Amino acid sequence: MAALVVVSHSPLIAEGILQLTSEIAKEAKVYAVGGTKTGVLGSDFDATLNILNKLTEDTEVVVLTDLGSSRMTAQMAIEALTPEKREKISLSDAALVEGSIAAAAIISAGFDIAGVMEQLEPLNLPK
Amino acid sequence: MGVTSETIRGILLDMALIIEENKQYLTDLDAAIGDGDHGHNMARGFAAIKTKLGENPELTPEGLLKTAAMAPISNVGGASGPLYGTLFLKGAGAIGGKPELELADLAALLREGVEGVKTRGRSDFGEKTMLDVLVPVQRSLESDAAAGVSCGEALAKAKKLAEECAGKTRDIVATKGRASYLGERSLGHIDPGAMSSCLLISTLKEG
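Bear in mind that the values here come from a model prediction, so they are computed numbers and not experimental data. (Residues numbered from 1 in each chain as written. Chains lettered and ligands numbered in written order. Predicted model: local features only at pLDDT ≥ 70, side-chain atom pairs only at ≥ 80, totals over all residues.)

1. Points about the overall build of chain A
Thinking step 1. A tally of regular secondary structure across chain A gives six helices and four strands.
Thinking step 2. Taken from the N to the C terminus, the helices and strands of chain A come in the order β-α-β-α-β-α-α-β-α-α.
Thinking step 3. By the compact-globule yardstick of 14 Å for 127 residues, chain A fits well, its C-alpha radius of gyration being 13 Å.
Thinking step 4. With respect to the three principal axes, the spread of C-alpha positions in chain A is 35 × 30 × 25 Å.
Thinking step 5. Burial status across chain A gives 48% buried among its 127 residues.
Thinking step 6. In chain A, the proportion of contacts linking residues at least 24 apart, taken out of those at least 6 apart, comes to 74%. (Helix = DSSP H or I, 4+ residues; strand = E, 2+ residues; numbered from the N terminus. Rg over C-alpha atoms; globule rule 2.2 N^0.38 Å. Buried ≥ 20, exposed ≤ 12 C-beta atoms within 10 Å, placed from the backbone. Contact = placed C-beta atoms within 7 Å.)

Dropping the structure here:
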């Protein structure tokens, strides 16, 4: 089953996404990174890279972000991976809350990441 | 003689210094039209560059730029981290293993770096961002390199141009980044990213 990784500026948003998705799709694998390592608002490149590196050993991943700079951080983390691992990841521009709930539900229904990305498309924002 | 590793190291340290000195100014500019953290984010990123350089005494120009790229990416958290990180990282790719850089190499470094920033930030010249300084500076260096202008003269022109261009962002309505939410109300304010780029350009030197 595919996994969802959320990259946010805020640890509280990250926690809130986990709370929401666990309510809607308990069995979906959802991971959320929020805030920087120094505890301020911002996205954490190293934490994002670590989780993507680990998951893509054997799992396809959809990544959702909360703002443009989180998107850039996620993009740079994806670019830092090997090409084989990179291919297992799709970065979505969907609105974070709606997109996370949709992605978790679609993943738990057994869709692959191409299927998830297709269904997230109507939720895309200019990030 | 070109720009040596030692000079590039000196420039990067000067960059860290000028950002630290202007931390509050950049944050104040950002408080007017953004989220008020640009100076502090930049200072954190460039302090990390300084630390990383201290840990790696013998680096080539490419190695120096790659080290300078990773520090803000890992330590900033805001948009300036990935954007300046991309500028350095793509710039490093453009110079390869060259031991010294001529003016044409500096122009190529900035060309690749600026293209990287455009792609990363999904932006271009004229949107009230750092690109409003970096794009004209890159073009100026490129045409001076082609015209055979000396490195010192080209850098002096580039610094003057950077100041003018940063000032001109006052007259641009933001269409990218957080300032774009303000629309017309972003007029009359200098873009903090354009100013941080201007400060960084001001540290360039040939030896």
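2. Some remarks on the interface of chain A and chain B
One frequently used descriptor of interface size is the decrease in accessible area upon assembly of the parts.
Thinking step 1. Counting from both sides, the interface comprises 13 residues of chain A and, opposite them, 10 residues of chain B.
Thinking step 2. Secondary structure elements with two or more residues in the side of chain A that touches chain B: α2 (45–55) and α3 (68–79) of chain A.
Thinking step 3. Per element, the largest residue contribution to the side of chain A that touches chain B is six residues, and it comes from α3(A).
Thinking step 4. Here the residues of the side of chain A that touches chain B sort into four nonpolar, seven polar and two charged. (Nonpolar A, V, L, I, M, F, W, Y, C, P; charged D, E, K, R; others polar.)

3. Focus on the sheet that holds strand β4 (residues 89–91) of chain A
Residue and element names in this part refer to chain A.
Thinking step 1. Overall, parallel pairing links the four strands, which are arranged β2-β1-β3-β4 in an open sheet. A strand with exactly one partner marks an edge of an open sheet, and here the two such strands are β2 (29–34) and β4. For this sheet, the mean angle separating the axes of adjacent strands, direction not counted, is 20°.
Thinking step 2. Sheet topology note: the strand β1 (residues 3–8)/strand β3 (residues 61–65) ladder contains five bridges and is parallel. Bridge assignment links Leu-4 to a residue of β3, and that residue is Val-62. (Pairing = 2+ DSSP bridges. Axes fitted to C-alpha atoms, helices over the stretch in contact; angles between N-to-C directions.)

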